[in-house]
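# Topology and contacts: notes
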Amino acid sequence: MFDAFPYDEWGEDVAEFWTFGGGGSTGTWIMTVLGFAVMLVAFWGFVILENRKLTRQASRLKASGALEPPSPPASSTTTPEA
């Protein structure tokens, strides 16, 4: 079997290497903050999209008569006894 891993073992020198610097460096924090910001924007977009879809579907159901407004509660005509 062909083994393309260039190191005999996984040491600290390999674990600390990545494109934006080692663990805990400024690049790591920048990427963490950017990732968190992108996650929040994506979540906000998802909520807005789903709200529009639900509002559109509710208006279609109301227009078709399938979703009738709730009827007012029946009022009692009896008078309390004194």
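In short, a report on the structure. Along each chain, residues carry numbers from 1 onward, in the same order as the chain's sequence is written. Local features are withheld for residues below a pLDDT of 70 in this predicted model, meaning they are given only at 70 or higher, and side-chain atom pairs are given and counted only at 80 or more; totals for whole chains, interfaces and linings count all residues. The basis for every side-chain value is the complete set of heavy atoms in the structure, and neither hydrogens nor water enter the calculation.

Bringing the overall build of the protein into the picture now. Summing up its helical and strand segments, the protein has 2 helices and 0 strands in all. For every residue, the accessible area (1.4 Å probe, protein chains only) is compared with the maximum for its type, and the residue is labelled buried under 20%, exposed over 50%, or partly exposed between those bounds. Classification of the 82 residues of the protein by burial places 6% in the buried group. Accessible surface area values rest on a Shrake-Rupley calculation with a 1.4 Å probe, where residue burial reflects the displayed protein chains alone. Total accessible area on the protein is roughly 8000 Å²; 66% of this is exposed by carbon and sulfur atoms. For the purposes of this entry, the term helix denotes a DSSP run of H or I that reaches at least four residues, the term strand denotes a run of E that reaches at least two, and both are numbered from the N terminus.

On to the pattern of salt bridges, then. The term salt bridge refers to a side-chain nitrogen of Lys or Arg lying within 4 Å of a carboxyl oxygen of Asp or Glu. Here the structure, examined in full by the defined rule, presents 1 salt bridge. Between E50 and K53 there is a salt bridge, with the nearest N and O atoms lying 3.3 Å from each other. Highlighted residues: E50 and K53, both in helix α2 (residues 26-64), separated by 3 residues, approximately one helical turn.

Moving on: α2. Each residue after the first adds 1.5 Å to the expected span of a helix. With 39 residues, α2 should cover 57 Å at 1.5 Å per step; its first-to-last C-alpha distance of 57 Å lies within 8% of that length. Among the residues trailing α2, G65 stands out with phi positive, at a value near 85°.

Keep in mind that these numbers describe shape and distance, not what the molecule does.
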